[in-house]
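# Secondary and tertiary structure notes
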Amino acid sequence: MTAATHSTLFPQVPDSADAVLEGLDPEQREVATALHGPVCVLAGAGTGKTRAITHRIAYGVRAGILQPSSVLAVTFTNRAAGEMRGRLRQLGAAGVQARTFHSAALRQLQYFWPKAVGGSMPRLVDRKVQLVADAAAACRIRLDRGELRDVTGEIEWSKVTQTVPSDYTLAAAKAGREAPRDPAEIAQVYAAYEDLKRDRAVIDFEDVLLLTVAILQDRHDIADQVRAQYQHFVVDEYQDVSPLQQRMLELWLGDRDNLCVVGDASQTIYSFTGATPDYLLDFRTRHPGATVVKLVRDYRSTPQVVHLANGLLAQARGRAADHRLELVSQRPAGPEPVYTEYTDEPAEAEGAAHRIRELLDSGVPASEIAVLFRTNAQSETYEQALADAGIPYQLRGAERFFDRPEVRKAGIALRGAARFGGNDSLLDEAVDLPSQVRAVLSGEGWTTTPPAGSGAVRERWESLAALVNLAQDFAAAQPRATLADLVAELDERAGAQHAPTVQGVTLASLHSAKGLEWDVVFLVGVAEGMMPITYAKTDEQVEEERRLLYVGVTRARSHLHVSWALARSPGGRPNRRPSRFLDGLRPGSAAAASRTGAGAAGGIERGYSRGANGTSVPVAPRRTQRAPARCRVCGRTLTDAGEMKLMRCEDCPSDMDEALYERLRDWRAIQARRSGQPAFCVFTDKTLMAIAEATPDDESELARIPGVGMRKLNRYGADVLAICAGQEVAGEEDGD
Ligand code: ATP
Ligand code: MG
């Protein structure tokens, strides 16, 4: 998201092609001026890849070398495509197509369907998972929810890797996929799914690409038509290209080589859908004459943020990691990242809302703040917390802003007002432009303060508020502008899909945040189970999760807040631990490989807990076993059951009283014999070690040791405390 100052919202369009090149460093300039032949840019996050390619297109267009309509720029998310269109327009290169692979393919498919197939294009299926469930039922295969999700993932992977059902078993084995069910069963469900789609006359997301590829492959006349239209191709985030997208790109290109790709292998986050950084890393092999440029200066983030990003990458493994590029920040120093541990998820969301409120009060625009999470399911807790705190937020991003019904209606109302403005008492000419816009939009549901709560009403209000803000910025940049001028600006923006900056905090998944940036980023839910996500099992899957966190960290320009919650719900078991990816990087934690090594400097903040009246109060000091288990030696939060019992990491130095431990073991053997049960049913070794380390003086200290519940306290407490105090215990002497 671009900074919300007037100068950046309405910057001066460069007055010449050469002026477009100003503001690029020498390597970026090399990219921008290499307008012919294959070009590949390999560079880390925030080094100006997207800037280099948007300037490249704008330079080519402004210099008259590239026809705007002959350029197709592709990227992966709607948000990123919207951002690219905005940047191109600001550089005076409106009219260039900037789309996702999917939307570019969909457009071509819709256009060519009547000619290639006849009739109109089938409907796009909206609930794929349901269709997979129906297919499984048809095969009499029962899938639980997790399996259904995983099997759907396998079908998607098969399609983007162009694997047909009969080849799935072999292809999955070759690719080392961990099939969630017997591969033969998956192949069967996949085949049934394809049949069902045909019966119901629908196509899915992957079919859009598959069918476009098929048409371009089979119909040379259509391929020629597409190639005549587009002569220059630019791909952002090329590390995430799937074999199917790559195939489409090759078909668009034909035997030409005017292709410019940019990417960062360390940001590959769509491997689970079949994407691979190999096309990026092997670009020079496939295009021996390619201009290859590397960018290393990070213009986006402070040295503090960059330090964390580099630290995350230093622990990465695999092919992408072999090509990592150490980032060098070009920005002045900023604050250290803040790490906060909360008792539960609602407390974490309230804590974030509390901090956001402070930032807004100190003058940070809401559009410069983002809360990023791993799964969309996490969004709701944050929506609620922000709504409760009266903080505006946006969920949908800016994509398709001008297609939203409320924005269309507002446009009609503004146009009408502009046309009849002179006769409308509301639109007194003496009243300034923003007030006129507010007056018109009040009729559409805009109010000075946002409606309470979340949901559709709130989202509509946010759209109207974005238009009001746009009018304010526009009037500030062009004081003599009239309502008609604003309407013209809106029309132009709608044509270019250049959405206004919505004045709300962005709530987004990490996947959808790629390519974007904010001054302040909250990375929430950075706990084991979420990051990496539970279903990331193989090394490659875990590495992908690490890259996802790297993407999250590198979205921040200066303020980075990293947080996690020890339990899901208030009062729940606090059995979560912060993400392993932060080991050795967050304060007080030891490095992943050797926990006894020096931990990172600084401190972890205590979070906020939910007060009885719903307000935030500081977390109370630890009282019971429900509090987080931390290593007594290094302070790390413990989640391993054995380590929790020991109350320290397995390999942190122990200060156990060995003689006491032996006496406790002897005593345990007698108890076990007497009660006729195995020794570990009395107390496990770990619990005895913890007792011998803690040497509790009274019942409350003993109760605090994990593994000592009420029942055991009542039954054995007196004995154990006596042994710890060095006293003889009745019956101890008859031991072996
Ligand atoms: P990502 O890998 O996250 O997509 P990127 O490499 O595409 O990052 P950009 O988004 O293009 O990076 O640039 C990051 C930020 O740095 C942007 O705010 C951009 O305007 C700024 N920037 C890039 N190059 C320069 C430069 N030469 N001078 C000043 N600012 C720059
Ligand atoms: Mg980028």
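See the structure printed just above.
Fair warning: this is a prediction, and the values are worked out from it, not measured in the lab.

Parameters at a glance
The residue numbers shown here count from 1 along each chain, following its written sequence. Just so you know, chain letters begin at A and ligand numbers begin at 1, following the order they were written in. Local features in this predicted model are restricted to residues of pLDDT 70 or higher, and side-chain atom pairs are both shown and tallied only at a pLDDT of 80 or more, whereas totals for entire chains, interfaces and linings draw on every residue. Excluding hydrogens and water, the side-chain values take into account all heavy atoms of the structure. Being near a molecule or strand, for a residue, means having at least one of its heavy atoms within 4 Å of it. Two N or O atoms form a polar contact when they lie within 3.5 Å of each other; inside protein one atom must be a possible hydrogen donor and the other a possible acceptor, and for residues adjacent in sequence the pair counts only when both atoms belong to side chains. Where accessible areas are quoted, they stem from the Shrake-Rupley method and a 1.4 Å probe; at the residue level, only the protein chains shown are allowed to cover. Three categories are distinguished: nonpolar for Ala, Val, Leu, Ile, Met, Phe, Trp, Tyr, Cys and Pro, charged for Asp, Glu, Lys and Arg, and polar for the others, with Gly belonging to the last. Reported domain spans reflect what an automatic or database domain assignment gives. Working definition: with a 1.4 Å probe on protein chains only, accessible area under 20% of the residue-type maximum means buried, over 50% means exposed, and in between means partly exposed. Each helix corresponds to a stretch of at least 4 residues labelled H or I by DSSP, and each strand to a stretch of at least 2 residues labelled E; elements are numbered beginning at the N terminus. Strand pairing requires that DSSP identify at least two bridges connecting the strands.

Of all residues adjacent to ligand 1, which total 19 residues, the nearest are K49, T50, R51, R300 and E517. K49 is positioned with one of its side-chain polar atoms (N or O) 2.6 Å from an oxygen atom of ligand 1. Relative to its unbound accessible surface of 640 Å², ligand 1 loses 85% to contact with the protein. A breakdown of the residues in the shell around ligand 1 according to their chemical character gives 2 nonpolar, 9 polar and 8 charged. Both domains that furnish three or more residues to the shell around ligand 1 are identified here as domain 1 (3–107 + 210–295) and domain 3 (328–400 + 497–621).

Looking along a regular strand, one sees the side chains alternate between the two faces of the sheet. Where burial is concerned, most of strand β11 (residues 338–344) is hidden: 6 out of the 7 residues are buried. In this sheet, strand β16 (residues 556–567) lies alongside β11 in parallel orientation, the contact comprising 6 bridges. Looking at β16, one finds that Y339 is bridged to V562.

Let us now look at the environment of P26. Relative to the assigned elements, P26 resides in helix α3 (residues 26–33). The exposure class assigned to P26 is exposed, which follows from its relative accessible area of 60%. It is 9.7 Å that separates the C-alpha atoms of P26 and L295, two residues lying 269 residues apart in sequence.

Right, let's talk about unusual backbone geometry for a bit. Residue M531 is joined to P532 through a cis peptide bond whose omega torsion reads 5°. Residue position: P532 is located in the loop between β15 (518–523) and α24 (539–553). Even without being glycine, E237 reaches a positive phi, approximately 55°. Residue placement: E237 occurs in the loop between β6 (232–235) and α13 (243–253). Assessed through its relative accessible area of 7%, E237 is described here as buried. Positive phi outside glycine occurs at T695, with the angle close to 35°. The class for T695 is partly exposed, based on a relative accessible area of 29%.

Our next topic: the environment of V682. Following the sequence through the fold, V682 ends up in helix α27 (residues 679–682). Sequence separation between V682 and V708 is 26 residues; the distance between their C-alpha atoms is 9.8 Å.

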